[in-house]
Amino acid sequence: MSTTLAPDAQTLQRRRERVGASLADAGRAGLVVTTLVNVRYLTGFTGSNGALVLRADGSGLFLTDGRYRDQAAAEVPGLEHTITRDLLGVAGPRLADVGGAWAVETHTLSVDAHATLGDAAPGVDLVAADRVVERARETKDDVEVAALREACRVSAAALESLWAGPLVGRTERDVARDLEWRMLELGAEAVAFETILASGPNTAVPHHHPTDRVLQPGDLLKTDFGARVAGYHADCTRTVVLGTADAWQREVHAAVRASQAAGVDALREGRPVAEVDAVARGVLEEAGWLEHFTTGLGHGVGLQIHEDPFIAAAHVGTLERRTVLTMEPGIYVPGRGGVRIEDTVLVTPAATGTPEVLTDLTTELLEIA
């Protein structure tokens, strides 16, 4: 994890106080955080076994096992530490000491773990956390935005260098691994997810796994990829043509590009999420291609590659400033090919104007060798 992009003690405390205020408003004494990505967000801990007993005033107890004693001492400031293998069994009495209603992450906690905590905290009312930490994570602080910017910078630079070629004559698998290596060489701690690289008719498969198919002149080449920096994920897709594009490829690419541009422009503070979905889909419908758009339009991105909020017609909320989402319409015609264009986008304050695209790459149709 990059030390320059790691959250400091003050940032972590502000996050805990923010979640604590939500707990207090809901009448909860506190929250038992067992989802590791949420533990990381609130404590800075990057290990594989940890939990947090967070009181509504923002104070708390961090628990992990002996393997992570030194790591926790370095990564988790401002909290009491307890080293134990029985995280929930030790946490339970702390809840009982306070009493009242405690929130637990029932959306990820197993039935057995819930029972263990309940047995260890007699008299405590365990209630659903209702994704309180996930809701807090939807809007990014300065540390998170900086990490996302760097992840997106690395991603864009890697793809641009890959486009310099040569590409024709190589396999999908070879090119995908090449791109991943370039991201690591440019400073990524890891890839954000397994690269989706598809050529020719394989581009019609939204989440195609790279194969030994050889890239050929005239192919569409779709690349969905991203770097991970300091735990934060970039997500970007570009579709180019190897050689000279034909009329069908130009038509499809133009429709997707117009939909994606309209969708990005709609990512503004206060805009209903369902309206954003309608704007981007409306462009594809007008162009006559909507029936071939079979995937989601976009999602939040941060410590997870897919996180709240998700852009959909059924979403009842509005966009908040400093939310980071993807915008990724596509057209997929089975047996023929497909195009997707995707950016990672920061929702800026309403007074600022346009949203900020963090994946700084052209969306024009490129014809490359």
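Throughout, a residue's number is its position along its own chain's written sequence, starting from 1. The model is predicted, so local features are restricted to residues of pLDDT at least 70 and side-chain atom pairs to those at 80 or more, both for listing and for counting; the totals for chains, interfaces and linings are taken over all residues. Neither water nor hydrogens contribute to the side-chain values; these are computed over all heavy atoms in the structure.

**Student:** Can you walk me through empty space enclosed by the protein in this structure?
**Tutor:** Where empty space is left in the structure can be found by rolling a water-sized probe over the atoms. A cavity here means a set of 1 Å grid points, computed over protein atoms only, where a 1.4 Å probe fits but cannot escape. A pocket is an open set with protein on both sides within 12 Å along at least 5 of 7 lines, and lining residues have an atom within 4 Å of a point. Grid points are joined across faces, edges and corners, and a volume is the space filled by probe spheres set on the points. Under the criterion given, the structure shown has 2 cavities of 30 Å³ or more. Taken as a whole, the second largest cavity holds about 40 Å³ of empty space. Together, Trp 163, Arg 238, Thr 239, Val 240, His 253, Ile 341, Thr 362, Thr 363, Glu 364 and Leu 366 line the second largest cavity. A run of H or I in DSSP counts as a helix once it spans at least four residues, and a run of E counts as a strand once it spans at least two, with each numbered from the N terminus. Among the elements that take part in the lining of the second largest cavity, strand S12 (residues 236–242) stands out by supplying 3 residues, more than any other.

**Student:** Sorry if this is basic, but what is going on with the environment of Asp 97 here?
**Tutor:** Of note, Asp 97 is situated in helix H4 (residues 87–98). A sequence separation of 24 residues divides Asp 97 from Ala 121, and the C-alpha atoms of the two residues are 8.6 Å apart.

**Student:** Is there a simple way to think about the packing of helix H7 (residues 142–163) against helix H8 (residues 172–185) in this case?
**Tutor:** Between two packed helices, the angle of one axis relative to the other and the distance separating the axes together describe the packing. Throughout, an axis means a line fitted to C-alpha atoms (over the contacting stretch in the case of helices), and angles, computed between N-to-C directions, take values from 0 to 180 degrees. Axis separation between H7 and H8 bottoms out at 9 Å; the angle between their running directions is 135 degrees. Accordingly, the angle class assigned to the pair H7 and H8 is oblique. The chirality of how H7 crosses H8 is right-handed. When H7 is examined against H8, the residues Val 154, Ser 155, Ala 158, Leu 159, Ser 161 and Leu 162 are found in contact with a partner set consisting of Val 175, Asp 178, Leu 179, Arg 182 and Met 183. The classification used treats Ala, Val, Leu, Ile, Met, Phe, Trp, Tyr, Cys and Pro as nonpolar, Asp, Glu, Lys and Arg as charged, and all other residues, Gly among them, as polar. Here the residues of the contact of H7 with H8 are counted per class, giving 7 nonpolar, 2 polar and 2 charged. By definition in this entry, angles of less than 35 degrees are roughly parallel, angles greater than 145 are roughly antiparallel, angles of 65 to 115 are roughly perpendicular, and the rest are oblique. Crossing handedness: left-handed means the near helix sits turned counterclockwise from the far one by under a right angle, and right-handed means the same turn made clockwise. By definition in these notes, contact holds between two residues if any of their heavy atoms fall within 4.5 Å.

**Student:** What should I look at first to understand the sheet that holds strand S20 (residues 367–368) in this one?
**Tutor:** By the convention used here, strands pair only if DSSP detects at least 2 bridges between them. One open sheet holds the 4 strands; their spatial order is S8-S9-S12-S20, and the pairing between them is mixed. Every interior strand has two partners, whereas the edge strands, strand S8 (196–199) and S20, have only one. Alignment of S12 against S20, held across 2 bridges, turns out to be parallel. By the bridge assignment, Leu 242 is partnered in S20 with Ile 368.

**Student:** How should the sheet that holds strand S6 (residues 125–128) be read in this particular structure?
**Tutor:** Each strand in a sheet pairs with another by means of backbone hydrogen bonds, the pair being arranged parallel or else antiparallel. Here 6 strands make up an open sheet; going across it, the order is S4-S3-S2-S1-S5-S6 and the pairing mixed. Where the open sheet ends on each side, the last strands, each with one partner, are strand S4 (80–83) and S6. Strand after strand, the sheet turns through a mean of 25 degrees between neighbouring axes, direction not considered. In the packing of helix H2 (residues 36–43) onto the sheet, contacts are made with strand S1 (30–33), strand S2 (50–55) and strand S3 (60–64), and the angle to S2 comes to roughly 60 degrees. The sheet strands contacting H4 are S1, S2, S3, S4, strand S5 (101–104) and S6, and the helix crosses S3 at an angle near 165 degrees.

**Student:** How do you make sense of the side chain of Thr 323 when you look at a structure like this?
**Tutor:** Structurally, the position occupied by Thr 323 is in the loop between strand S14 (307–311) and strand S15 (324–327). The class of Thr 323 is buried, set by a relative accessible area of 2%. Distance and chemistry together define a polar contact, namely a pair of N or O atoms within 3.5 Å, with one atom able to donate a hydrogen and the other to accept it when in protein, and with adjacent residues in sequence counting only for side-chain atoms on both sides. Side-chain polar atoms of Thr 323 contact the backbone oxygen of Glu 320, separated by 2.8 Å. Sequence-distant contacts of Thr 323, defined by excluding residues within four places in its chain, comprise Glu 138, Thr 139, Pro 309, Val 345, Leu 346 and Val 347. Using a 1.4 Å probe on the protein chains alone, a residue whose accessible area is under 20% of its type maximum counts as buried, one over 50% counts as exposed, and one in between counts as partly exposed.

**Student:** Is there a simple way to explain helix H1 (residues 9–25) in this structure?
**Tutor:** An α-helical turn contains 3.6 residues, so any two residues separated by three or four positions project in the same direction. Here a helix's expected span is defined as the number of its residues, less one, multiplied by 1.5 Å. For H1, built from 17 residues, the straight-helix expectation of 24 Å at 1.5 Å per residue is met to within 8% by its first-to-last C-alpha distance of 24 Å. All of the buried residues along H1 are Thr 11, Leu 12, Arg 15, Arg 16, Val 19, Gly 20 and Leu 23. Looking at the residues trailing H1, positive phi occurs at Gly 27, about 75 degrees.

**Student:** Help me understand unusual backbone geometry in this model?
**Tutor:** Negative phi is the rule for most residues except glycine; trans is the rule for most peptide bonds. In this structure, Pro 166 follows Gly 165 across a cis peptide bond, with omega equal to 0 degrees. Mapped onto the elements of the fold, Pro 166 is located in the loop between H7 and H8. With an omega dihedral of 0 degrees, the bond running from Asp 308 to Pro 309 counts as a cis peptide bond. Within the secondary structure layout, Pro 309 lies in strand S14.

**Student:** What am I meant to see in the packing of aromatic side chains here?
**Tutor:** By convention here, two paired aromatic rings are described through the distance between centres and the angle between planes. Between rings of Phe, Tyr and Trp, where Trp is taken as its six-membered ring, a pair exists when centres lie within 6.5 Å; planes separated by under 30 degrees are stacked, by over 60 edge-to-face, and by other angles tilted. For the coordinates displayed, the defined rule picks out 2 aromatic pairs. Relative to Tyr 68, the ring of Phe 45 lies with its centre 5.4 Å away and its plane at 90 degrees, an arrangement referred to as edge-to-face. Separated by 23 residues along the polypeptide, Phe 45 in the loop between H2 and S2 and Tyr 68 in the loop between S3 and helix H3 (69–75) bring together distant segments of the chain. Each member of the pair, Phe 45 together with Tyr 68, is buried. Through pairs of rings, three or more aromatic residues link up here, namely Phe 45, Phe 62 and Tyr 68.

**Student:** What is the right way to read the nonpolar core from this model?
**Tutor:** Inside soluble globular proteins, nonpolar side chains tend to come together where they are buried. We define a nonpolar core as any set of buried Ala, Val, Leu, Ile, Met, Phe, Trp, Tyr and Cys residues linked to one another through side-chain atoms lying within 4.5 Å. If you look at the biggest cluster of nonpolar residues, it comprises 40 residues, and the most contacted ones within it are Val 19, Leu 31 and Leu 42. Here this core takes 5 residues from H7, the largest share from any one element. With 27 residues, the next largest nonpolar core counts Ala 255, Val 256, Ala 280 and Leu 325 among its residues.

**Student:** What exactly am I supposed to notice about the pattern of salt bridges here?
**Tutor:** Any two side chains of opposite charge can pair, on the condition that their charged atoms come close. Between Lys or Arg on one side and Asp or Glu on the other, a salt bridge is scored when a side-chain nitrogen of the former is within 4 Å of a carboxyl oxygen of the latter. Tallied over the entire structure, the rule returns 24 salt bridges. With a closest N to O distance of 2.8 Å, Arg 153 and Glu 150 form a salt bridge. Taken together, the positions of Arg 153 and Glu 150, both in helix H7 and 3 residues apart, correspond to about one turn of that helix. For Glu 150, a relative accessible area of 27% gives the class partly exposed. Residue Glu 367 is joined to Arg 250 by a salt bridge in which the shortest nitrogen-to-oxygen separation is 2.7 Å. Highlighted residues: Glu 367 in strand S20 and Arg 250 in helix H9 (residues 247–265), separated in sequence by 117 residues.

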